[in-house]
Amino acid sequence: MIGREDIKKVLPHREPFLLIDEILKVEVGKSATAVWHVREDYDIFRGHFPGNPVLPGVLMVEALAQTGAYAILLDEKFRGKLALFGGIDGVKFRGLVRPGDDLVLEAELTRISSFGGKAQARASVDGKTVCEGGILFAFAKE
C-alpha cells in the first residue's frame, strides 16, 4: 500500500483537494487502483445535503482522475508534468456515496501520448459500482 505522503511525491494535489488516501495497486503508465476514505468531517457535507449527506458526483470523477494521473505521472516520460482534465466521456452515476464509505477507484489508461490521453474509470463502494466512464486529460503546455 502507498500512503498519502508518497502520493504527494507524484501528484501536485494538496489538501483539501487531494482525494485519494491510498494506492492499492499500480502498473506504471497503465492502471491504478486507489481508495478514498470518505470522512464525515468534510466541510462539503454541511451543505450537500444537511441531514442527508451525499458525496457530489463531480468529486468522484476528480478522485478517479487523480487515480489515473498517479499511474501516468509515475512514468519517467511524464514525471513532473501537470495533467489537466480534457473532458469526461459517458460518465454515469449509479449509486450514492456517504460519509464513512471507502470509495475504491480504478483507472485503466486506454490511450496516452505526449499531449494527453484517456482512461476508463470505475468507482465502487463495497463492490457496487457508483460511478463509471471515460476521463480525458491533457498535459499543460510548459
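Note: the structure precedes this text.
What comes next concerns the included structure. (Residues numbered from 1 in each chain as written. Predicted model: local features only at pLDDT ≥ 70, side-chain atom pairs only at ≥ 80, totals over all residues. Heavy atoms only, no water.)

Notes on the packing of aromatic side chains
Describing an aromatic ring pair means giving the distance of the ring centres and the angle of the ring planes. Enumeration over the complete set of coordinates arrives at 4 aromatic pairs. An angle of 45 degrees between the planes, with centres 5.9 Å apart, marks the rings of Trp36 and Tyr42 as tilted. We note that Trp36, like Tyr42, is buried. Each ring, one from Phe137 and one from Phe139, has its centre 5.6 Å from the other, and the planes form 75 degrees; the classification is edge-to-face. (Phe/Tyr/Trp six-rings, centres within 6.5 Å; stacked < 30°, edge-to-face > 60°. Buried < 20%, exposed > 50% of the residue type's maximum accessible area, 1.4 Å probe, protein only.)

Notes on the pairing of strand β1 (residues 22-27)
Inspection of the sheet shows β1 paired to strand β2 (residues 31-37) by 5 bridges, in the antiparallel sense. Within the sheet, the bridge partner assigned to Lys25 lies in β2 and is Thr33. The antiparallel pairing of β1 with β2 creates a hairpin that spans 3 residues between the two strands, and Gly29 there sits at a positive phi of about 75 degrees. (Pairing = 2+ DSSP bridges. Helix = DSSP H or I, 4+ residues; strand = E, 2+ residues; numbered from the N terminus.)

Re the side chain of Glu62
Within the secondary structure, Glu62 sits in helix α2 (residues 57-73). Buried charge without a salt bridge: Glu62, with Arg14 as the nearest opposite-charge side chain at an N-O distance of 11 Å. In this structure Glu62 touches His13, Phe17, Leu19 and Phe85, once residues within four positions along its chain are discounted. (Lys, Arg positive; Asp, Glu negative; His and termini not counted. Salt bridge = Lys/Arg side-chain N within 4 Å of Asp/Glu carboxyl O. Contact = heavy atoms within 4.5 Å.)

A short note on the nonpolar core
Judged by nonpolar contacts, the single largest core of 40 residues is most densely connected at Trp36, Leu55, Leu103 and Leu105. Looking at this core, the elements with two or more residues in it are β2, α2, β4 (102-112), β5 (116-125) and β6 (128-139). Looking at this core element by element, the count peaks at 11 residues for α2. Every residue in contact with Trp36, bar those within four places of it in the chain, is listed here: Leu19, Asp21, Tyr42, Leu55, Leu59, Ala63, Asp101, Asp102, Leu103 and Leu105. (Core = buried A, V, L, I, M, F, W, Y, C linked by side-chain atoms within 4.5 Å.)

Describing the environment of Ala32
The residue Ala32 is located in strand β2 in this model. Ala32 gets classed as buried once you look at its relative accessible area, which sits at 3%. Between the C-alpha atom of Ala32 and that of Glu106, which follows or precedes it by 74 residues, the distance is 5.9 Å. If we skip the residues at most four places from it in the chain, Ala32 touches Lys25, Val26, Thr67, Ala71, Leu105, Glu106 and Ala107.

As for the environment of Cys131
With respect to the helices, strands and loops of the structure, Cys131 is situated in strand β6. Under the relative-accessibility criterion, Cys131 is labelled buried at 1%. Sequence separation between Cys131 and Val97 is 34 residues; the distance between their C-alpha atoms is 9.8 Å. When near neighbours in sequence (up to four residues on either side) are disregarded, Cys131 contacts Met60, Val61, Leu64, Val91, Lys92, Phe93, Arg94, Ala121, Arg122 and Ala123.

Description of unusual backbone geometry
Note the cis peptide between Glu15 and Pro16, where omega equals 5 degrees. If you trace the backbone, Pro16 turns up in the loop between α1 (4-7) and β1. Residue Phe49 follows His48 across a cis peptide bond; omega there is -5 degrees. Considering the arrangement of structural elements, one finds Phe49 in the loop between β2 and α2.

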